[in-house]
Amino acid sequence: MTAFVLALFDSVLDAAPALVFAAVGTTLSERAGVVNVGVEGMMRAGAFAAAASALVLPTPWAVLVGAGVGAAIGALHGWLCIWARSDQVVSGMAINLVMLALGQFLLEAAFSSPSGTPPITQLTPWLGHSPLTWLAVALPFVVHAVVQRTPFGLRLRAVGEKPEAVAAMGVRVAPLRLAAVVASGALAGLGGAHLSTAVLDRFEHHMPAGLGFMAVAAMVFGRWRPLGAALAALFFSVGDALRLSLASSAPGLLEVVPQGVLLAMPYALTLVVLSLQRRGASRAPAALGRPYDPEVR
């Protein structure tokens with residue numbers, strides 16, 4: 001029993017960081033008033049960019065490339081939503097679909113393989129786990145402190161609640177919202193990079209396998225707060241870790257329970273938790289999804 005608990009704990013530490021990064025990043029964007037359902041595509045782009053870059057660069061630099069690509073896609077989403085005033089949900093879903101197709105195209109064009117990139121050198125573990133694991137432990141507390149305790153965080157929350165009032169005080173709403181969306185994309189890209197450089201040693205065509213949508217669910221369940229989103233992401237990760245631990249510690253289980261049932265565990269857990277959440281228990285930022293028009297008062 002002790003061995004199972006230890007294996008489960010190790011699996012959670014390996015599985016949770018990608019979801020924590022994405023959930024905390026999504027929180028930043030939505031607290032600033034910009035819906036970000038494109039986090040799945042940003043994670044996918046970050047995972048591919050990190051794996052492809054690691055073939056020619058040291059893996060730590062490749063991780064930064066993955067985060068940078070996520071930030072660039074976040075900037076595109078921000079431009080479409082903030083300046084072009086596109087529908088924010090449509091923009092995010094378009095990013096997801098484009099990254100899905102683009103990733104498959106690049107795999108076949110650059111590597112002649114529809115399934116994944118060649119193997120890369122993984123990040124060197126630190127205290128038994130990837131350095132990104134320990135970053136994911138500290139990051140929610142840092143982001144919480146920034147959002148709740150700094151003037152920048154106050155302005156960030158204000159543009160998600162009442163952008164007109166912030167603009168009346170002389171603060172430019174659009175650049176502040178853009179910064180939040182870019183940071184959201186960077187963290188989503190970092191989460192994707194963790195999948196391809198720490199969890200595995202390559203990019204695979206199915207990455208991130210719905211983790212971006214789970215990150216959005218974790219953000220909602222965490223009530224649009226960085227620490228709440230991180231805790232929800234950790235909870236959802238237990239489902240995936242439990243699947244891996246059961247498969248390794250009880251191999252005979254696969255003869256009784258279909259593998260598809262185990263694969264569905266984290267997603268089923270997400271649906272159950274969201275369905276049990278009380279209506280009205282959380283409140284989204286008042287200006288979430290509403291483009292700000294400086295000409296309208």
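Residues numbered from 1 in each chain as written. Predicted model: local features only at pLDDT ≥ 70, side-chain atom pairs only at ≥ 80, totals over all residues. Heavy atoms only, no water.

**Notes on the packing of helix H2 (residues 39-53) against helix H4 (residues 88-111)**
Argument step 1. Where H2 contacts H4, the axes come no closer than 7 Å and their chain directions differ by 20 degrees. The orientation of H2 with respect to H4, classified from their angle, is roughly parallel. The two elements H2 and H4 meet at a crossing, and its hand is left-handed. When H2 is examined against H4, the residues Val39, Glu40, Gly41, Met42, Arg44, Ala45, Phe48 and Ala52 are found in contact with a partner set consisting of Ile95, Asn96, Met99, Leu100, Gly103, Gln104, Leu106, Leu107 and Phe111.
Argument step 2. Of the residues that constitute the contact of H2 with H4, the class distribution is 11 nonpolar, four polar and two charged. (Axes fitted to C-alpha atoms, helices over the stretch in contact; angles between N-to-C directions. Helix = DSSP H or I, 4+ residues; strand = E, 2+ residues; numbered from the N terminus. Parallel < 35°, antiparallel > 145°, perpendicular 65-115°, else oblique. Left-handed = near helix turned anticlockwise from the far one by under 90°. Contact = heavy atoms within 4.5 Å. Nonpolar A, V, L, I, M, F, W, Y, C, P; charged D, E, K, R; others polar.)

**Some details on helix H3 (residues 59-83)**
Argument step 1. Taking 1.5 Å of rise per residue, 25 residues should cover 36 Å, and H3 covers 35 Å from first to last C-alpha, within 8% of that figure.
Argument step 2. Positive backbone phi, approximately 55 degrees, marks Arg85, located one or two places after H3. (Expected span 1.5 Å × (residues − 1).)

**Quick look at the packing of aromatic side chains**
Argument step 1. Counted under the stated rule, the structure contains four aromatic pairs.
Argument step 2. Here Phe48 and Phe203 contribute two aromatic rings whose centre-to-centre distance is 5.4 Å and whose plane-to-plane angle is 90 degrees, an arrangement assigned as edge-to-face. Taken together, the residues span a long stretch of sequence, with Phe48 in helix H2 and Phe203 in the loop between helix H8 (173-199) and helix H9 (211-221) at a distance of 155 residues.
Argument step 3. Residue classification places Phe48 among the buried positions, given a relative accessible area of 13%.
Argument step 4. Phe203 gets classed as buried once you look at its relative accessible area, which sits at 0%.
Argument step 5. One aromatic cluster is present, built from ring pairs that chain together Phe48, Phe111 and Phe203. (Phe/Tyr/Trp six-rings, centres within 6.5 Å; stacked < 30°, edge-to-face > 60°. Buried < 20%, exposed > 50% of the residue type's maximum accessible area, 1.4 Å probe, protein only.)

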